[in-house]
Amino acid sequence: MIDLRRAGLFGAMLLSATMTAAACGGSAATPAPGDTTPAPAETTDAPAITDAPAATDAPVTPAPLPTFDVSALTGAIPGVDSYRTSFSVGGVEQYQSVVVTKPELSKAITTFSDGVADSRYIFIGKRSWMATGADGAFEAIPEQLASSMLLLFDPTAMIGAYAQLDFAGSAIDVGTEQKNDVSARHLRIDSTTIIGAAAQMPAGSAIDIWVAEAGYLIAWEMTGFGESDVSIQVTGVNDPANKVEAPE
């Protein structure tokens, strides 16, 4: 959890001292002994009490931790024209894609088995194609079948219940860093945090995520889970080289 800096008491102490000094300076003069002539009235007003200077160590409230939607990776990241993604489990790549959002949402997806491409998909608007292997010919597939296949590529299926952890409310704020060429907030949940313990994360494990300033996930790295380690990387954001074209 993030520790907030505590406010100092300097400002309150300074205000108290100022008020005391003003009160002492405003007392009336005492007549000399035997002097029957009344002392002239005090004509000098007591110094006005001014506002105490603002405390120099006022608490600094950090920016709130960002929220994000993991499932947006298989849709279209809001405000992003194009990007690439890659998913790996246990250090072995399972999936990669190119996503272009304009002029219409288009995706080129490749899935892998034991590190070898086994299926390729192209989705452009409502048109879809599928090919087997790295060299197989593309064939058109029905829209309903394409929609069902897209559900299989939802990253939440890979990370399961961990996708539902409350990062914004429970993560450790590591700070802002450059990740995949994007300025991103680095957040972490590990087995020592309250929510990590509640999720029964293995000892020594951690989930590190990086969220871009625009509020989308730029990387997700689960370590310490053995063969269940998961890496999700978003790269090439708005790279003009990102293209999705219909097969010939």
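Heads up: the structure comes first, above all this text.
Here is what the cut-offs are and how they apply
Residues numbered from 1 in each chain as written. Predicted model: local features only at pLDDT ≥ 70, side-chain atom pairs only at ≥ 80, totals over all residues. Heavy atoms only, no water. Helix = DSSP H or I, 4+ residues; strand = E, 2+ residues; numbered from the N terminus. Core = buried A, V, L, I, M, F, W, Y, C linked by side-chain atoms within 4.5 Å. Buried < 20%, exposed > 50% of the residue type's maximum accessible area, 1.4 Å probe, protein only. Polar contact = N/O pair within 3.5 Å; in protein donor to acceptor, adjacent residues only side chain to side chain. Contact = heavy atoms within 4.5 Å. Pairing = 2+ DSSP bridges. Axes fitted to C-alpha atoms, helices over the stretch in contact; angles between N-to-C directions. Salt bridge = Lys/Arg side-chain N within 4 Å of Asp/Glu carboxyl O.

1. Topic: unusual backbone geometry
Each neighbour pair has its own omega, and for Lys-102 with Pro-103 the value is 0°, a cis peptide bond. Of note, Asp-114 is a non-glycine position whose phi angle comes to about 55°, a positive value. Phi is positive for Gln-200, which is not a glycine, with a value near 55°. Inspection of the secondary structure assignment puts Gln-200 in the loop between α5 (194–198) and β9 (206–212).

2. What to know about the nonpolar core
Phe-167, Ile-207 and Trp-220 are the most contacted members of the largest nonpolar core, which totals 42 residues. The set of elements that each furnish at least two residues to this core consists of β1 (82–89), β2 (92–100), β4 (116–124), α2 (143–152), β8 (182–190), β9, β10 (217–223) and β11 (230–235). If you look at the next biggest cluster of nonpolar residues, it comprises 6 residues, including Val-98, Ile-124, Trp-129 and Val-244.

3. As for the side chain of Arg-185
If you trace the backbone, Arg-185 turns up in strand β8. At 3.0 Å, the side chain of Arg-185 forms a polar contact with the side chain of Asp-173.

4. A look at the environment of Gly-125
Within the fold, Gly-125 resides in the loop between β4 and β5 (127–132). Taking the C-alpha atoms as reference points, Gly-125 and Ser-106, separated by 19 residues in sequence, lie 6.1 Å from one another. Not counting chain neighbours up to four residues away, the residues in contact with Gly-125 comprise Glu-104 and Leu-105.

5. Overview of the sheet that holds β1
Pairing is antiparallel across the open sheet formed by 11 strands, whose spatial order is β6-β5-β4-β3-β2-β1-β11-β10-β9-β8-β7. In this open sheet, the two strands that pair with only one neighbour each are β6 (139–140) and β7 (172–179). One ladder, built from 6 bridges, connects β4 with β5; its direction is antiparallel. Residue pairing across strands places Ser-119 opposite Thr-132, the latter belonging to β5. The strands that α2 touches are β3 (106–113), β4 and β5; relative to β4, the one it contacts most, it runs at about 125°.

6. Structural notes on the environment of Thr-101
Considering the arrangement of structural elements, one finds Thr-101 in the loop between β2 and β3. A C-alpha to C-alpha distance of 9.2 Å links Thr-101 and Gly-75, two positions 26 residues apart in sequence. Sequence-distant contacts of Thr-101, defined by excluding residues within four places in its chain, comprise Ala-76, Val-80 and Asp-81. Polar side-chain contacts of Thr-101 include one of 3.0 Å to the backbone oxygen of Val-80.

7. Things to note about the pattern of salt bridges
This structure, assessed with the given rule, holds 5 salt bridges. The salt bridge partner of Lys-102 is Asp-81, with a shortest N-O separation of 3.2 Å. In this pair, Lys-102 sits in the loop between β2 and β3 while Asp-81 sits in the loop between α1 (10–25) and β1, placing the two residues 21 residues apart along the sequence. Residue classification places Lys-102 among the exposed positions, given a relative accessible area of 56%. In this structure Asp-81 comes out as partly exposed when scored by relative accessible area, which is 34%. With a shortest N-O distance of 3.0 Å, Asp-173 and Arg-185 are connected by a salt bridge. Here Arg-185 lies in strand β8 and Asp-173 lies in strand β7, a separation of 12 residues in the sequence.

8. Describing the pairing of β2
The side chains of a regular strand alternate, residue by residue, between the two faces of the sheet. Inspection of the sheet shows β1 paired to β2 by 8 bridges, in the antiparallel sense. Among the inter-strand pairings, Phe-87 is bridged to a residue of β2, identified as Tyr-95. Linking β1 to β2, which pair antiparallel, is a turn of 2 residues; within it Gly-90 sits at a positive phi near 60°. Bridge count for β2 against β3 is 6 bridges, and the pairing is antiparallel. Counterpart to Val-100 in the pairing with β3 is Ser-106. Between β2 and β3, which follow one another and run antiparallel, lie 5 residues.

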